[in-house]
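# Structural overview
Given next are the chains, with one letter for each unit.
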Amino acid sequence: MKYKILFSACLLSVCLGVKAQQAYMIDQKAAVFYPADYDAAAHLPSPIFLQELVPQGQVPENWKIRPVYSTENGKSVATLTVGADDDLYGTGEVTGELRRNGKEVIFWNKDNYGYFANEGKNLYQSHPWVLGLRKDGTAYGIIADNTWKGSCTTNQQIKFTFESPAFRVIVIEGKDSKEVLKELGKLSGTMELPPLWALGFQQCRYSYFPDTRVKEIIDSLRIERFPCDAVWMDIDYMDQFKVFTFDPKTFPNPKELQDYAHAKNMKCVYMIDPGVKVEDGYFVYDQGNAANYFVKDAKGDNFQGRVWPGQCNFPDYTRPEVRTWWSGLTRDYMLKGVDGLWNDMNDPSVFEGVDGTMSVDAWHMGGESYPQASHLRYHNLYGTFMIQASRQGMLWAKPNNRPFVLSRSNFLGGQRYGATWNGDNMSSWEHLLLSIPMTLNLSLSGQPFNGPDMGGFGADTDPELLAHWYATGIYFPFARNHNAKGCIDQEPWLFGKKVEDVCRTAVERRYKLMPYIYTLFHEASINGMPIMRPIFMADEKDTNLRSEQRVYMLGNDLMIIPRWAKNPAIPTGDWDIIQFEEKDDLYQAFVALRPGAIVPLTEVAQSTSELDMNTLTLLVNPDENGQASGTLYQDAGDGFEYKTGSYAIYEIKASTEDGMVKVSLNQTEGKLQAPQKRIRIGIVADGKTTYSEYKDGMEISLKNVKEKEKSINTAKLKWSAIDPAKEPSTQEKLRIQMEKMQKSGQAMEW
Ligand code: MIG
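Attention in this report is confined to the structure presented alongside it. Bear in mind the structure is a predicted one, so any value in this text is a computation, not a measurement.

### Focus on the overall build of the chain
Across its full length, the chain carries 13 helices and 41 strands. In summary, the chain has a C-alpha radius of gyration of 25 Å against a globular reference of 27 Å for 750 residues, a match within 12%. In terms of overall dimensions, the chain has C-alpha extents of about 80 × 70 × 55 Å along its principal axes. Counting across all 750 residues of the chain, residues that qualify as buried make up 63%. Of the roughly 27200 Å² that the chain leaves accessible, carbon and sulfur atoms contribute 50%. Side-chain charges in the chain split into 81 positive and 95 negative, and the spacing between the mean points of these groups amounts to 2 Å.

### So, unusual backbone geometry
In this structure, the amide linkage connecting Tyr206 to the following residue, Ser207, adopts the cis form with an omega of -10°. Assignment of secondary structure puts Ser207 in the loop between strand S13 (202-203) and helix H3 (211-223). Residue Pro348 follows Asp347 across a cis peptide bond; omega there is -15°. You can see Pro348 is positioned in the loop between strand S19 (340-343) and strand S20 (363-364). In this structure, Asn73 takes a positive phi of about 45° despite not being glycine. With phi around 60°, Met345 is a residue other than glycine that occupies positive phi space. As for its placement among the helices and strands, Met345 is situated in the loop between S19 and S20.

### Overview of the side chain of Ser435
Relative to the elements of secondary structure, Ser435 occurs in helix H9 (residues 429-443). Ignoring any residue separated from it by four or fewer positions in sequence, one finds Ser435 in contact with Pro452 and Phe476.

### Side note on the sheet that holds strand S27 (residues 480-481)
Taken in spatial order, the nine strands of this open sheet run S25-S24-S22-S19-S15-S14-S13-S27-S26, and their pairing is parallel. With partners counted over all chains shown, the strands left at the sheet margins are strand S25 (450-451) and strand S26 (453-454), one partner each. In this sheet, strand S24 (residues 419-421) lies alongside strand S22 (residues 405-407) in parallel orientation, the contact comprising two bridges. Residue Leu406 lies in a different strand from S24, and its bridge partner there is Ala419. Contacts from H3 reach S13 and strand S14 (230-233), with the element oriented near 155° to S14.

### A closer look at the side chain of Thr617
Of note, Thr617 is situated in strand S34 (residues 615-621). What makes Thr617 buried here is its relative accessible area of 3%. At a separation of 3.3 Å, a polar atom in the side chain of Thr617 contacts the side chain of Tyr694. With sequence-adjacent residues up to four places away left out, Thr617 is seen in contact with Val599, Pro600, Leu601, Glu603, Arg680, Gly682, Tyr691 and Tyr694.

### With respect to the packing of H3 against helix H4 (residues 254-263)
Orientation of H3 relative to H4, taken along the N-to-C sense of each, is 5°, at an axis distance of 10 Å. Taken as axis vectors, H3 and H4 run roughly parallel relative to one another. Counted together, Asp211, Val214, Lys215, Ile218 and Asp219 of H3 and Glu256, Leu257, Tyr260 and Ala261 of H4 form the full contact between these two elements. Of the residues assigned to the contact of H3 with H4, the class counts are five nonpolar, no polar and four charged.

### With respect to the sheet that holds strand S32 (residues 590-593)
Here five strands make up an open sheet; going across it, the order is S28-S29-S30-S32-S31 and the pairing antiparallel. The outermost strands of the open sheet, each flanked by one partner alone, are strand S28 (532-534) and strand S31 (576-577).

### Quick notes on the nonpolar core
Within the largest apolar cluster, 189 residues are counted, with the highest numbers of intra-cluster contacts made by Tyr270, Trp326 and Leu554. By size, the runner-up hydrophobic cluster in this structure holds 25 residues, among which are Val59, Tyr69, Val105 and Phe162.

### Topic: the packing of aromatic side chains
Enumeration over the complete set of coordinates arrives at 45 aromatic pairs. On the basis of an interplanar angle of 70° and a centroid distance of 6.4 Å, the ring pair of Tyr378 and Phe385 is categorised as edge-to-face. Among the residues examined, Tyr378 registers a relative accessible area of 1% and is labelled buried. Judged by its relative accessible area of 4%, Phe385 is buried. Its guanidinium or amino end placed over the ring of Trp108, Lys149 lies 4.8 Å from that ring's centre, counting from NZ or CZ. Taking the ring centre of Tyr691 as reference, the NZ or CZ of Arg680 above it sits at 4.0 Å.

Rules of the game
- Residues numbered from 1 in each chain as written.
- Predicted model: local features only at pLDDT ≥ 70, side-chain atom pairs only at ≥ 80, totals over all residues.
- Heavy atoms only, no water.
- Helix = DSSP H or I, 4+ residues; strand = E, 2+ residues; numbered from the N terminus.
- Rg over C-alpha atoms; globule rule 2.2 N^0.38 Å.
- Buried < 20%, exposed > 50% of the residue type's maximum accessible area, 1.4 Å probe, protein only.
- Areas by Shrake-Rupley, 256 points an atom, 1.4 Å probe, with all protein chains shown as cover.
- Lys, Arg positive; Asp, Glu negative; His and termini not counted.
- Charge placed at Lys NZ, Arg CZ, Asp CG, Glu CD.
- Contact = heavy atoms within 4.5 Å.
- Pairing = 2+ DSSP bridges.
- Axes fitted to C-alpha atoms, helices over the stretch in contact; angles between N-to-C directions.
- Polar contact = N/O pair within 3.5 Å; in protein donor to acceptor, adjacent residues only side chain to side chain.
- Parallel < 35°, antiparallel > 145°, perpendicular 65-115°, else oblique.
- Nonpolar A, V, L, I, M, F, W, Y, C, P; charged D, E, K, R; others polar.
- Core = buried A, V, L, I, M, F, W, Y, C linked by side-chain atoms within 4.5 Å.
- Phe/Tyr/Trp six-rings, centres within 6.5 Å; stacked < 30°, edge-to-face > 60°.
- Lys NZ or Arg CZ within 6 Å of the ring centre and 35° of its normal.

Structure below.
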């Protein structure tokens, strides 16, 4: 540890000495460019990278993309000229199109209800990162290594502007976007493998309380046979919104509630916000105040602002000792049987604050290698530092469990600490449609584990919207139904049999796909590849796919085509739609299997802990040579033994001989001696799935199915009659909701 600090201090001084504009390679595929007046003290250490960048030689003469540095009205600017017909993506959690050409993004994390403020140009997270794709399929990535307040416009000139001293820019080059994303993962780190239960369905509401209501929801989920892994407790479980407390009246015995949930294979996730109520005698406040742990205002007093509990102070998470304190609080709290944490409001949100947050001149003390500095520099890192502390506390409490933290706010590189949801969306068709490019672009910005509130948060949902939301969004990396206060209840069984069945079928599909989904999460944790991917990644040379933002991919092998996404652009080749159910309900998305792919499925269960991962259906779509392949990753689903070899990776291979498809599983990696498998084949052809019987063992055969169609004919598919463009706009939904609240005399609470 000491050496590490010494080492980075040396590097810091080396960089401080940099005067003339300099550039060097930091890896085979990436170069860093320093402005002549680079101010290392204002930017280092970089929270984005796993370690400080080390020079690895000269940047070749023919390196294509380089920043030009300038200043504008006292702001530091870096401009990079790219190809006129390149397609741009990434830029983090954003509203708008998948293709980011001609957009502006603001890097200033913001509590942005309904994405209404600033035309949605800044939301809860910041990712100063652009991914570019050239027409020939080659790709590049650009990082502005800067945490300060800034913005980016994405035209042929990609222009980063920051209210900071001059900053360095990193450019990655790759043969395709996958290579660039892997390089981003290598430099900025990858998501730690989450516990399997976090991949299951999540049921949430603002708020389920008292505890009897929580039990009711758990019971309903089980009685209605809605597979689910966790229930979520929003702020109302607390005693007057004071963090790390439980309301003695409504949650008198959290341990007992947790035991109740666990007995039904359900986890409990609780919300913890950063704001600490200013109140003598409240232990969190007393400790923080006595130790002087809070963020200061410009005068040197504790910065104070109103959030849910009333007047609050805010922990200065830039300080290692404050993070340690917070980790300790988290540890004690976790020991009450809490399974996961939900860190909200860490943008940070301050109700009457300038722009809804702390003043830019609020002061953070830093520590270790982080210098003290203003909020202007650390604002975008507030959430990231907070969830670092949360994560550590969870590990202290339960060293044998993988921590799961869901954070609203974060920054480029923050995938190392937590997952995310996309904040306060609305129950509108617009936002259902929007959630696809938003989740995709965040996935293309280093954060694979994310997804929106299913059914929509603000405003009342409606039966059709809810059914389509489940049918469309159940394949997102993070899948949680969540709903705002003052809105009608949003549990699917309240909307009649049809909607209930559609939603259940969708959730059941997710659980069936879990062996494949878990394998994708493992891949993401190893090499940074997104779990949910834009369809252009199916064929990076096919420029017809570059703007398609309704269809998406789950991993490399599945294409998801929502029922309402008429006439989509899809890749060429003999993709085949998987038949999951006997009867088509006309809502479920079309899920197509790539030619030459094998995807492992299991039988549905009510929670991931009940899944039998050794009973497998191997869905095969043989290519023109009758061959196919796939991968399966397995481990205990929680804990860290996989890190010392207790896992298994299987290569799945199919070949065809004399009209018989033979599929075999072969363990190629890991020491885990998994129990014997029961396997069957499902041959996917022309929209039908033909199954073999189950059989014990690692090898199985089935007669091949002759195909007529050589590709998916989208004109022939049975589309839903719904036309999203004709549905009420988000603004309209907001207006209706406000009217409703006014009539009932309720305040809009968000
Ligand atoms: O100011 O905790 O985005 O998911 O339900 C609103 C209440 C605070 C915002 C979160 C939302 C959560 C709500 N929170």
